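Chain residues, written in single-letter form:
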Amino acid sequence: NADSAAQDAALRHNLLAHMMYAERNVDALAFTAYVRAIKATRFRGRGKGSAHSVALQDILMPYAGPVLFMYGEHDVTCTPETAKISLTDPAADRECQVIPDGGHWVQFECADEINHALARVAPRAAMVSNTLEPVMDSITRDVEPRGFGC
């Protein structure tokens with residue numbers, strides 16, 4: 001019906017405006033994942049206990065292993081270059097890559113680049129994987145599950 005078509009058009013517009021950079025990457029899987037994420041997380045509060053109430057730097061403080069932040073060049077939810085400055089620390093084995101032609105869902109749009117970078121970091125991360133458990137506990141202890149994607 002017309003209402004359903006209008007809603008789908010609005011959702012597709014928002015997917016492109018907020019999550020993805022290149023229209024060519026919006027396929028049925030991306031659209032379905034986005035709609036499910038919207039339905040799972042829509043209108044939930046972002047107050048106490050939310051992942052958004054804790055600074056990422058604080059969450060990572062106890063973790064001694066390698067961290068690779070990857071942002072799409074066109075991520076509208078943050079400024080990748082600012083995140084790069086505030087989150088990286090060579091002494092702590094933290095690095096940041098800004099992936100060209102990617103949006104907020106850079107892992108979907110630029111899977112090959114993401115997979116290559118993860119393969120490069122994975123061996124270092126595996127050597128310190130036992131240090132991740134306390135970090136994950138601190139992240140998940142007071143945070144309500146939010147569904148697919150960010």
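Reference entry: report on the structure contained in this document. Please read these numbers as outputs of a predicted model, since none were measured by experiment.

Focus on helix α1 (residues 2-19)
For α1, spanning 18 residues, the distance from its first C-alpha to its last is 25 Å, which sits close to the expected 26 Å at 1.5 Å a residue. Among the residues making up α1, those that are buried are L11, L15 and M19. Projected down its long axis, α1 carries its buried residues within an arc of 45 degrees, all on one side. What points out from α1, more than 90 degrees from its buried face, is the exposed set A2 and H13. Where α1 is buried, its residues touch α2 (28-41) and α5 (106-109).

With respect to the nonpolar core
In this structure, L11, L15, M19, M20, V26, A30, A33, Y34, V35, I38 and W105 together form the largest nonpolar core, which totals eleven residues. Mapped onto this core, the elements with two or more residues apiece are α1 and α2. With five residues, the top contributor of residues to this core is α2. Aside from chain neighbours lying at most four places away, what touches Y34 is L11, N14, L15, M19 and W105.

Some details on helix α6 (residues 111-127)
End to end, α6 covers 24 Å across 17 residues, agreeing with the expected 24 Å (1.5 Å per residue, within 8%). Of all the bends in α6, the greatest reaches close to 40 degrees and is centred on V121; the proline P123 follows between one and four positions later. Among the residues making up α6, those that are buried are I114, A117 and V121. For α6, the elements touching its buried residues are β1 (67-72), β2 (94-99) and α5.

Comments concerning a negative patch on the surface
A surface patch of like charges, here negative, comprises E73, D101, D112 and E113. Within the secondary structure layout, E73 lies in the loop between β1 and α4 (80-87). What makes E73 partly exposed here is its relative accessible area of 40%.

Details of the pairing of β1
Counting buried residues along β1, six of its six residues qualify, which places the element largely inside the surrounding structure. Here six bridges tie β1 to β2, and the two strands are oriented parallel to one another. Paired with Y71 across the two strands is V98, which belongs to β2.

What counts and how
- Here the residue numbers are simple positions, counted from 1 along each chain's written sequence.
- It should be noted that, the model being predicted, local features are given only for residues of pLDDT at least 70 and side-chain atom pairs only at 80 or more, the latter also being counted only at that level, while totals for whole chains, interfaces and linings use all residues.
- Hydrogens are left out, water is left out, and the side-chain values use all remaining heavy atoms of the structure.
- We count a stretch as a helix when DSSP gives it H or I for four or more residues in a row; a strand needs E for two or more, and each element gets its number in order from the N terminus.
- Take the number of residues in a helix, subtract one, and multiply by 1.5 Å to get its expected span.
- Between buried and exposed lies partly exposed: a residue is buried under 20% and exposed over 50% of the maximum accessible area for its type, with that area taken using a 1.4 Å probe on protein chains only.
- It is the directions from the helix axis to the C-beta atoms whose arc is reported.
- Residue contacts are counted whenever heavy atoms from the two residues lie within 4.5 Å of one another.
- In this description, a nonpolar core means a group of buried Ala, Val, Leu, Ile, Met, Phe, Trp, Tyr and Cys residues linked to one another through side-chain atoms lying within 4.5 Å.
- In this analysis the local bend is the angle between axes fitted, respectively, to the seven residues ending at and the seven residues starting at the residue.
- What goes into a patch is any residue over 30% in relative accessible area without a salt bridge, connected to like charges within 9 Å or, for nonpolar side chains (Val, Leu, Ile, Met, Phe, Trp, Tyr), within 5 Å.
- For accessible areas, the Shrake-Rupley method is used with a probe of radius 1.4 Å. Any residue's cover is judged against the shown protein chains and nothing else.
- Each salt bridge in this description consists of a side-chain nitrogen of Lys or Arg and a carboxyl oxygen of Asp or Glu lying within 4 Å of one another.
- The convention is simple: Lys and Arg are positive, Asp and Glu are negative, and His and the chain ends are not counted.
- A charge is said to be at NZ when it belongs to Lys, at CZ for Arg, at CG for Asp and at CD for Glu.
- Here, any two strands with at least 2 DSSP bridges between them count as paired.

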